[in-house]
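Now for the letters of each chain:
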Amino acid sequence: MMVTWKAGLFAKHGLDITRPRLMGSAKAVVRGLMADEIQFGNLAAPAPLRADLKGEADVVFLTGGINQQFVIGRPGLNSRMELAGKKIGTVADGGIGDALVKFVIAKLAAAGIKGLREEPISHGAAAELEALLSGTVDAVVGTPPECIDAIRHGCKYLIDFTEYGLNYALGGIAARRDYIENNPEMTRKFVTAYVEGMHRYRTDREFTIDVQADYSGIADRTIAAETYDLTQPGMPRAPYPVVASLQTLLDFMANELPEAKGVDAQRFIDDRFIRELEDNGFINSLTR
C-alpha cells in the first residue's frame, strides 16, 4: 500500500489519496470500513471474517495479502519438537497472531507435540522480543520485520506457515460489499493502482527498502533490506485472494465460532477486478 502511494500510482490511475492511514489493528480497519471513514483497507483475515459471521460487517477481499508468518523460538530452542509442554505468547486481540497461535497448537498436538499452551504477553514488537529473551514465553508468532530482529538476537525460526499454505494468503485489500457495488469504477482504479504497486515492490528493491524503512520506523536499514529479501520471492504476480487458505482458516475458526461451521470462503471474496486486469492484459504489460 505504501509503495503504491509513495510511487504516485494512485494519482497515476486517477485517485486523489492522501497518505494511507494507520488504523492500529485489523478490527479498527473493519470499523473504519463500516463507518465509511475509509473505503479500502489492507488487513489480515480473522477480524473481518469474524465480524461478518457475527453480522457486524459485510466486507469482502478484492486481492490477496502479502503476510508472512513464522513461529519464532527463544534462544536455545532449535526445533518444533522442543515446544512440547512449552508456552507460546498471545496478545489476545483477536487478530491474525492469536488465530495462528491456536492453529499451531492444534497442529502440533495432532502431530504428537503436546502441551504447548498460550501465555498472555504485551502487544508490540519490543514486548514480544523481551518476552522471548527473558524466557517469559518460549515462542511467538512473528512476521517481518520484527522476526528478523528476533533472529539477530539468537532466536530461531521453528515453523514457517508456508507449510500449511497460509503465507501470502490470510488477508489483503478489502472493502464493503455495498461500496464496491455502488462504486465499481473507483474500486477498479484502486485495485489497478495497487497491482501496479505490487509490481513496483517486486522489481524495485532499493525504492521498496526505503519505503519499508520509513513506514515501519526501522532505524537499521539492513533489517528493511532483509525484510524485502524475505518477502519478495513469494509475492504473487496476480494477487488473487486465496480461497483455499481462507477456507482453512474458516474451518479452524468453526472450532470456537459456530457461525463459521460449513461456511464457504468464496462468500468473502470478490476477485472480478483482478480477473479483469489479467483478461485485459494489464498484468502482463507490467512484466514487459
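Residues numbered from 1 in each chain as written. Predicted model: local features only at pLDDT ≥ 70, side-chain atom pairs only at ≥ 80, totals over all residues. Heavy atoms only, no water.

Caption draft 1: Representation of the packing of aromatic side chains. As enumerated under the stated definition, the model contains eight aromatic pairs in all. Taking the centre distance of 4.6 Å and the plane angle of 45° together, the rings of Phe70 and Tyr157 count as tilted. Of this pair, Phe70 sits in strand S3 (residues 70–73) while Tyr157 sits in strand S7 (residues 156–160), placing them 87 residues apart in sequence. For Tyr157, a relative accessible area of 36% translates into the label partly exposed. Ring geometry for Phe161 versus Tyr164: centroids 6.0 Å apart, planes at 50°, classification tilted. Put simply, the rings of Phe10, Phe40, Tyr179 and Phe190 pair up and form one aromatic cluster. (Phe/Tyr/Trp six-rings, centres within 6.5 Å; stacked < 30°, edge-to-face > 60°. Helix = DSSP H or I, 4+ residues; strand = E, 2+ residues; numbered from the N terminus. Buried < 20%, exposed > 50% of the residue type's maximum accessible area, 1.4 Å probe, protein only.)

Caption draft 2: Region of the structure containing the layout of surface pockets. What the second largest pocket holds in volume is close to 160 Å³. Looking at the lining of the second largest pocket, the elements with two or more residues in it are helix H3 (26–34) and helix H4 (46–53). In terms of residue count, H3 provides more of the lining of the second largest pocket than any other element does, four residues in total. Its residues placed into classes, the lining of the second largest pocket shows four nonpolar, no polar and five charged. (1 Å grid on protein atoms, 1.4 Å probe; cavity = no way out; pocket = protein on both sides within 12 Å on 5 of 7 lines; lining within 4 Å. Points joined across faces, edges and corners; volume = space filled by probe spheres on them. Nonpolar A, V, L, I, M, F, W, Y, C, P; charged D, E, K, R; others polar.)

Caption draft 3: Molecular detail of the side chain of Thr227. Structurally, the position occupied by Thr227 is in helix H11 (residues 221–231). In this structure, Thr227 is in contact with Pro144, Pro145, Ile148 and Gln212, ignoring residues within four places of it in sequence. (Contact = heavy atoms within 4.5 Å.)

Caption draft 4: How the structure looks around the environment of Ala84. Among the structural elements, Ala84 can be located in the loop between S3 and strand S4 (87–90). Since its relative accessible area comes to 36%, Ala84 is described here as partly exposed. Ignoring sequence-local partners within four residues, the contact set of Ala84 consists of Ile113 and Lys114.

Caption draft 5: Local environment of H11. Among the residues of H11, Ile223, Ala224, Ala225, Thr227, Tyr228 and Thr231 are the ones counted as buried. In the core, the buried residues of H11 are packed alongside helix H7 (146–152), helix H9 (184–203) and helix H10 (205–216).

Caption draft 6: Focus on the nonpolar core. Ranked by size, the top nonpolar core spans 50 residues in total, and within it Leu53, Val71, Leu83, Ile88, Phe161 and Leu250 carry the most contacts. Listed by contribution, the elements that provide at least two residues to this core are H3, strand S1 (41–44), H4, strand S2 (59–61), helix H5 (96–110), strand S6 (139–142), S7 and helix H12 (243–253). Per-element tally for this core: the top contributor is H5, with eight residues. With 47 residues, the next largest nonpolar core counts Val195, Met198, Phe273 and Ile274 among its residues. (Core = buried A, V, L, I, M, F, W, Y, C linked by side-chain atoms within 4.5 Å.)

Caption draft 7: Seen up close, the packing of H5 against H12. Where H5 contacts H12, the two axes come as close as 11 Å, and the packing angle between them is 80°. Judged by the angle between their axes, H5 and H12 are roughly perpendicular. Mapping the contact onto sequence places Ala99, Lys102, Phe103 and Ala106 in H5 and Thr248, Leu249 and Phe252 in H12. Here the contact of H5 with H12 is built from residues that sort into five nonpolar, one polar and one charged. (Axes fitted to C-alpha atoms, helices over the stretch in contact; angles between N-to-C directions. Parallel < 35°, antiparallel > 145°, perpendicular 65-115°, else oblique.)

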